[in-house]
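Residue-level listing of the chains:
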Amino acid sequence: MDTEQHHSAAPCAGLRIGDAPPDFEARSTIGPVKLSTYRGRWLILFSHPADFTPVCTTEFVELAKEAKAFEKRKCQLMALSVDSLFSHFAWLRMIKERFDIEVRFPIVEDPTLVIGRAFGMVAPSDNDSATVRTTFFIDPEGIIRAMTCYPANVGRSIPEMLRTLDALQAIDAQDGLAPANWQAGDALLQSPTQDLDEVYRATEETTWFLREMPKGKSK
């Protein structure tokens with residue numbers, strides 16, 4: 001079965017925003033990695049259905065191209081799949097030879113699905129992770145701040161990953177709210193007032209709850 005043509009329903013992450021994900025230590029393409037060692041910086045942990053598959057290959061090529069953009073934001077990338085370490089190595093070699101680009105962020109092996117199940121990426125009864133690609137945005141305190149979940153036949157948007165990361169970092173720095181279609185450099189929104197007198201004094205119907213935050217304001 002082609003893993004990226006499989007259409008059966010798949011669970012999204014069992015963990016929720018605000019959770020501290022379980023720690024793990026595993027082999028990866030850069031050596032042993034432990035999740036807790038990434039505290040103090042942002043981390044994007046993402047699963048992919050399998051090596052040597054078309055959608056995953058395009059994702060890794062684009063992520064490798066944008067690696068410096070994530071580094072500039074003090075964010076590390078870490079990938080995960082059920083494939084063995086040596087399958088990862090062979091796939092990365094193929095990507096380098098075909099696309100002339102090196103994937104340097106770690107790819108973790110999870111052949112027994114221990115990590116995938118602990119993170120809720122796959123159901124306890126599943127035998128593989130071929131139906132889903134899940135992404136966790138983990139902040140420097142080790143807390144999940146955002147998640148995305150796509151079927152195997154739809155690739156991630158790398159610009160949207162960067163936009164989400166920018167938004168999370170901006171709302172932390174300025175204690176604001178990121179509106180629809182927010183991009184880095186745009187104004188954030190202020191949190192609405194909880195004071196009834198301010199609501200009545202508002203000069204317009206929406207200004208008490210829909211106001212832009214002055215640019216550059218930090219908490």
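### Re empty space enclosed by the protein
Here is step 1: Applying the stated rule across the entire model yields 2 cavities of 30 Å³ or more.
Here is step 2: Taken together, Phe137, Thr148, Tyr150, Arg156, Glu160, Met161 and Thr164 make up the full set of residues lining the second largest cavity.
Here is step 3: Mapped onto the lining of the second largest cavity, the elements with two or more residues apiece are β7 (144-151) and α5 (158-174).
Here is step 4: Looking at the lining of the second largest cavity element by element, the count peaks at 3 residues for α5.

### Notes on unusual backbone geometry
Here is step 1: Of note in the backbone geometry, Asp100 takes a positive phi value of approximately 55° without being a glycine.
Here is step 2: With respect to the helices and strands, the residue Asp100 is situated in the loop between α3 (85-99) and β5 (107-109).
Here is step 3: Given the relative accessible area of 67%, Asp100 is considered exposed.
Here is step 4: One non-glycine residue, Asp175, lies in the positive phi region at around 55°.
Here is step 5: With respect to the helices, strands and loops of the structure, Asp175 is situated in the loop between α5 and α6 (196-201).

### Thoughts on the side chain of Ser81
Here is step 1: Within the secondary structure layout, Ser81 lies in strand β4 (residues 75-81).
Here is step 2: One polar contact links Ser81 to Asp83, side chain to side chain, over a distance of 3.0 Å.
Here is step 3: Setting aside residues up to four positions removed in sequence, Ser81 forms contacts with His48, Asp51, His88, Val108, Glu109 and Asp110.

### Concerning the confidence of the model for the protein
Here is step 1: Put simply, the protein has an average pLDDT of 88, and 88% of its residues get 70 or more.
Here is step 2: This model gives residues 1-11 a pLDDT under 50, and the stretch forms 23 contacts once residues within four places in sequence are excluded.

### As for the packing of aromatic side chains
Here is step 1: Tallied over the entire structure, the rule returns 8 aromatic pairs.
Here is step 2: Ring geometry for Phe60 and Trp91: centres 4.7 Å apart, planes at 55°, overall tilted. Taken as a pair, Phe60 in helix α1 (residues 54-65) and Trp91 in helix α3 lie far apart in primary sequence, 31 residues in all. There is no split in this pair, since Phe60 and Trp91 are both buried.
Here is step 3: By way of ring pairs, the aromatic residues Phe46, Phe60, Trp91 and Phe105 are connected into one cluster.
Here is step 4: The ring of Phe99 carries the charged tip of Arg98 above its face, separated from the ring centre by 4.7 Å.

### Notes on α3
Here is step 1: The terminal C-alpha atoms of α3, which comprises 15 residues, lie 21 Å apart, in line with the 21 Å expected from a rise of 1.5 Å per residue.
Here is step 2: Listed as buried for α3 are Leu85, Ser87, His88, Trp91, Leu92 and Ile95. Around the axis of α3, the buried residues are gathered within 155° of arc, so they sit on the same side. In α3, the exposed positions that point more than 90 degrees away from the buried face belong to Phe86, Arg93 and Glu97.
Here is step 3: The secondary structure elements touched by the buried residues of α3 are α1, β4 and β5.
Here is step 4: Backbone geometry just downstream of α3 places Asp100 in the positive-phi region, at approximately 55°.

What counts, and at which threshold
- Numbers given for residues are sequential positions, taken from 1 along each chain in its written order.
- With pLDDT at 70 or above as the cut-off, local features in this predicted model cover only qualifying residues; side-chain atom pairs require 80 or more to be listed or tallied, and sums for whole chains, interfaces and linings still use all residues.
- Remark: hydrogens and water are excluded; side-chain values derive from all non-hydrogen atoms of the structure.
- Here a cavity is any set of points on a 1 Å grid over the protein atoms alone where a 1.4 Å probe fits but cannot get out, and a pocket is any open set with protein on both sides within 12 Å along at least 5 of 7 lines; a residue lines the site when it has an atom within 4 Å of a point.
- Grid points are joined across faces, edges and corners, and a volume is the space filled by probe spheres set on the points.
- Each helix corresponds to a stretch of at least 4 residues labelled H or I by DSSP, and each strand to a stretch of at least 2 residues labelled E; elements are numbered beginning at the N terminus.
- Exposed residues in this analysis have more than 50% of their type's maximum accessible area, buried residues have under 20%, and partly exposed residues fall in between, with area computed by a 1.4 Å probe over protein chains only.
- In protein, a polar contact requires one atom able to donate a hydrogen and another able to accept it; more generally it is a pair of N or O atoms within 3.5 Å, and residues adjacent in sequence count only if both atoms are side-chain atoms.
- Residue contacts follow a heavy-atom distance rule, with two residues in contact if any of their heavy atoms lie within 4.5 Å.
- The pLDDT value expresses, per residue, how confident the predictor is, ranging between 0 and 100.
- The criterion for an aromatic pair is that two Phe, Tyr or Trp rings (for Trp, the six-membered ring) have centres within 6.5 Å, with stacked assigned to planes under 30 degrees apart, edge-to-face to planes over 60 apart and tilted to the rest.
- Either the NZ atom of lysine or the CZ atom of arginine qualifies as a charge over a ring when it sits within 6 Å of the ring centre and within 35 degrees of the ring normal.
- The span you would expect from a helix comes to 1.5 Å times its residue count less one.
- In this context, the arc is that of the directions from the helix axis out to the C-beta atoms.

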